[in-house]
Amino acid sequence: MLSSVAEEMGATLERVSFSPNIKERRDCSCAVFNREGVLAAQAAHIPVHLGAMEFLMRKWLADGPPIDAGRAYITNDPYFAGTHLPDISVIMAVPGLGFVAARAHHSDIGGETPGSFSPVDDIRREGMLIEPQELTSSLIQRICERCRGPQERRSDLDAQVSAVRTGAVRLHAISAQLQCGFDEAVDQCVSYSRALTEQAINKLPAGTYSATERLEDIQCGNLCVSITITNDAMTLDFSGTDPQANIGINATEAVTRSACYYVVRCSTQDAPTNGGCWMPVNVIAPSGSLVNATYPAPVVAGNTETSQRIVDVILQALPGELPACSQGTMNNVAFGGDGWAYYETIAGGAGAGPNGPGVSGIHSHMTNTRNTPIEALQIDAPLRIEQYEIRRGSGGGGRHDGGDGVVRAYEALEDGITCSLMTERRKVGPPGRLGGRAGLPGRNVLVREGQETLLPAKGTALLLRGDIVRIETPGGGGWGE
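The sections below set out a description of the structure shown in this document. (Residues numbered from 1 in each chain as written. Predicted model: local features only at pLDDT ≥ 70, side-chain atom pairs only at ≥ 80, totals over all residues. Heavy atoms only, no water.)

**As for unusual backbone geometry**
- The step from Tyr-295 to Pro-296 runs through a cis peptide bond, and the omega angle for that step is 5°.
- In this structure, Ser-116 takes a positive phi of about 55° despite not being glycine.
- Mapped onto the elements of the fold, Ser-116 is located in the loop between strand 5 (98-105) and helix 4 (123-126).
- Residues other than glycine seldom take positive phi values, yet Glu-449 does so here, at roughly 50°.
- Inspection of the secondary structure assignment puts Glu-449 in the loop between strand 16 (443-448) and strand 17 (451-454). (Helix = DSSP H or I, 4+ residues; strand = E, 2+ residues; numbered from the N terminus.)

Set out below in structure tokens:
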């Protein structure tokens, strides 16, 4: 019953929002909390928002301004238990019960380039940082004045407010039907999920396991994890991970926790999603590192790229017949010009597993957004999709083959369009498991007057009318010999 509140909030947000990023891709999450900030229920939305939502709620109750009933509050502060600047959270109190929250990725937040997704060296260049505060009409006006597509920003913020209002009404209605009361119902759900998670961890062989992965395009990009399993608890220690970088691939602590919780959550598929799922999980993320950035480190792709690679390194460390690595990137692409911005992520190949091949052309792990329909993109932006198909043969071979990536090509329909790319797995493809072969790495290509130029994994390009940007996403790793 509690999850239905979050699901209805999500449905309201998707129906009322204006941007394709929320309406079509559904890059948003909604959740319900008790009065202590414990996650009571969350809809089946974005995994990278999973634990981060509760992390924010607890931080707000400890250090944020009071939340008065009937009023909406807002923040996108990555260093206040947030993820990255485009993810704006709106919170509302439900008197006598708890809180409801709606988080949505906005297509622009006023960064140096359209889409606010460029590889800059300081978060102040990534866009507008909104500290925790009440969402007033004057604040909405300031946000809209700062961002490209101001009416779209206003409409999406209005949609988030509508979502939390829906949640508040529905939570009151649901709680009135609970024979045991809301607080006891939440306690029961949390205890149940915790017990199932402890059982799942207890099935893993006790011991300490470690692995190292490396982020691309930076000199110091090592992600190190040591996982200790003792009875029904798990500790994930990222000591040894390299210091934060001067490009926006730094993850906040909230993002790192979400990646850890996600992997554990995958082993307890029958457990309701609530705060009990990660009570047996301890995360150690050194401050000032790639997995726990401090101000003013840029973090825009830590939420998308580094989160995926954290999942990769955890899966490689854990023992057993687990799946091979999936594409390991969200393939962030942002376009924009005078007064407009468009952003999306692109699907790729999923890693194969012991029970079968990986899925092709799917958003995996820390994102489960949908693919933006071609028609929606072409209505919203001066772009044309020139090619969109499965990248055949890009999945790694093995007893079970990894899933194939996709090819998605955008044609600029006017001069002066800025294209920003933040991608990973362009040098080394996702590794296989237990003898399976790696998937092919991705490629970013600019086609101008028939001539192809390889674009960097992270960078910006100014497009002319007729230019084509072609993104070839990685395939998943194969499983078994």
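Still more ground to cover, so stick around.
**Some points on helix 8 (residues 253-266)**
- The terminal C-alpha atoms of helix 8 lie 20 Å apart, and with 14 residues this matches the ideal 20 Å at 1.5 Å per residue to within 8%.
- Burial analysis of helix 8 places 12 of its 14 residues in the buried class, the great majority of the element.
- Residues of helix 8 that are buried sit in contact with helix 3 (50-63), helix 7 (182-202), strand 9 (233-237), strand 10 (281-284) and helix 9 (302-317). (Expected span 1.5 Å × (residues − 1). Buried < 20%, exposed > 50% of the residue type's maximum accessible area, 1.4 Å probe, protein only. Contact = heavy atoms within 4.5 Å.)

**Some points on the pattern of salt bridges**
- Applying the stated criterion across every chain, the model contains 31 salt bridges.
- Residue Glu-213 pairs with Arg-309 through a salt bridge whose shortest N-O separation is 2.5 Å. Of this pair, Glu-213 sits in strand 7 (residues 207-214) while Arg-309 sits in helix 9; the two residues are 96 residues apart in sequence, bridging distant segments of the chain. Each member of the pair, Glu-213 as well as Arg-309, carries the same accessibility label: buried.
- For Arg-470, the salt bridge is made with Glu-472, and the minimal N-O distance between the two is 2.9 Å.
- Take Glu-472: its relative accessible area is 10%, and that puts it in the buried class.
- A cluster of three or more residues bridged by salt bridges with shared partners is formed by Glu-213, Asp-217, Arg-309, Asp-312, Glu-424, Arg-425, Lys-427 and Lys-458. (Salt bridge = Lys/Arg side-chain N within 4 Å of Asp/Glu carboxyl O.)

**Considering the nonpolar core**
- Formed by 64 residues in total, the largest nonpolar core has its most connected members in Ile-227, Leu-236, Phe-238 and Ile-314.
- At seven residues, the largest contribution of residues to this core is made by helix 8.
- Sequence-distant contacts of Phe-238, defined by excluding residues within four places in its chain, comprise Cys-224, Val-225, Thr-256, Cys-260, Val-283, Ile-284, Pro-286, Val-291, Ile-310 and Ile-314.
- Val-32, Leu-85, Val-161 and Leu-178 belong to the second-largest nonpolar core, a separate cluster that totals 48 residues. (Core = buried A, V, L, I, M, F, W, Y, C linked by side-chain atoms within 4.5 Å.)

**Looking at the pairing of strand 3 (residues 72-75)**
- Where burial is concerned, the two faces of strand 3 agree: the one with Ala-72 and Ile-74 and the one with Tyr-73 and Thr-75 are both buried.
- Strand direction decides the pairing type here: strand 3 and strand 4 (residues 87-94), joined by four bridges, are antiparallel. Among the inter-strand pairings, Ile-74 is bridged to a residue of strand 4, identified as Val-90.
- As defined by bridge partners, strand 3 adjoins strand 6 (residues 133-134) across two bridges and the pair is classed as antiparallel. The residue of strand 6 that forms the bridge with Ile-74 is Gln-133. (Pairing = 2+ DSSP bridges.)

**A few points about the packing of aromatic side chains**
- Following the criterion strictly, the structure yields six aromatic pairs and no others.
- Judged by centre distance (6.2 Å) and plane angle (85°), the rings of Trp-60 and Phe-80 are edge-to-face. Remark: Phe-80 occurs in the loop between strand 3 and strand 4 and Trp-60 occurs in helix 3; sequence separation between them is 20 residues. As far as the burial class goes, Trp-60 and Phe-80 line up, both buried.
- Taking 4.9 Å as the distance between ring centres and 15° as the angle between the ring planes, the aromatic pair formed by Tyr-261 and Trp-278 counts as stacked. Here Tyr-261 is found in helix 8, whereas its partner Trp-278 is found in the loop between helix 8 and strand 10, with 17 residues between them in sequence. Both residues of the pair, Tyr-261 and Trp-278, belong to the buried class.
- Taken together, the aromatic side chains of Trp-60, Tyr-73 and Phe-80 make up a single cluster linked through ring pairs.
- For the cation-ring pair, Arg-408 lies above Tyr-388, with the distance from its terminal atom to the ring centre recorded as 4.4 Å. (Phe/Tyr/Trp six-rings, centres within 6.5 Å; stacked < 30°, edge-to-face > 60°. Lys NZ or Arg CZ within 6 Å of the ring centre and 35° of its normal.)

**What to know about the pairing of strand 19 (residues 468-472)**
- Burial runs high along strand 19: five of the five residues are buried.
- Burial along strand 19 is two-sided: the residues Ile-468, Arg-470 and Glu-472 and Val-469 and Ile-471 are all buried.
- Where strand 16 meets strand 19, five bridges bridge the pair, whose relative direction is antiparallel. Looking at the pairing, Val-445 lines up with Arg-470 of strand 19.

**A short note on helix 5 (residues 137-146)**
- Three or more residues of helix 5 are buried, namely Leu-139, Ile-140, Ile-143 and Cys-144. Projected down its long axis, helix 5 shows its buried positions confined to an angular sector of 135°, all on one face.
- Buried-residue contacts for helix 5 involve strand 3, strand 6 and helix 6 (150-177). (Arc of directions from axis to C-beta.)

**So, the environment of Ala-317**
- For Ala-317, the location among the structural elements is in helix 9.
- A residue is classified by how much of its surface remains accessible, and Ala-317, at 6% relative accessible area, is buried.
- Residues Ala-317 and Val-406, spaced 89 residues apart in sequence, show a C-alpha to C-alpha distance of 28 Å.
- The contacts of Ala-317, once residues within four sequence positions are left out, are Tyr-209, Ser-210, Ala-211, Val-225 and Ile-227.

**Here we look at the sheet that holds strand 19**
- Taken in spatial order, the five strands line up as 13-14-19-16-17 in an open sheet, and their pairing is antiparallel. This sheet does not close on itself; its edge strands, each paired only once, are strand 13 (383-391) and strand 17. With direction set aside, neighbouring strand axes in the sheet form an average angle of 20°.
- Bridge count for strand 16 against strand 17 is four bridges, and the pairing is antiparallel. If you follow Arg-448 over to strand 17, its bridge partner there is Gln-451. (Axes fitted to C-alpha atoms, helices over the stretch in contact; angles between N-to-C directions.)

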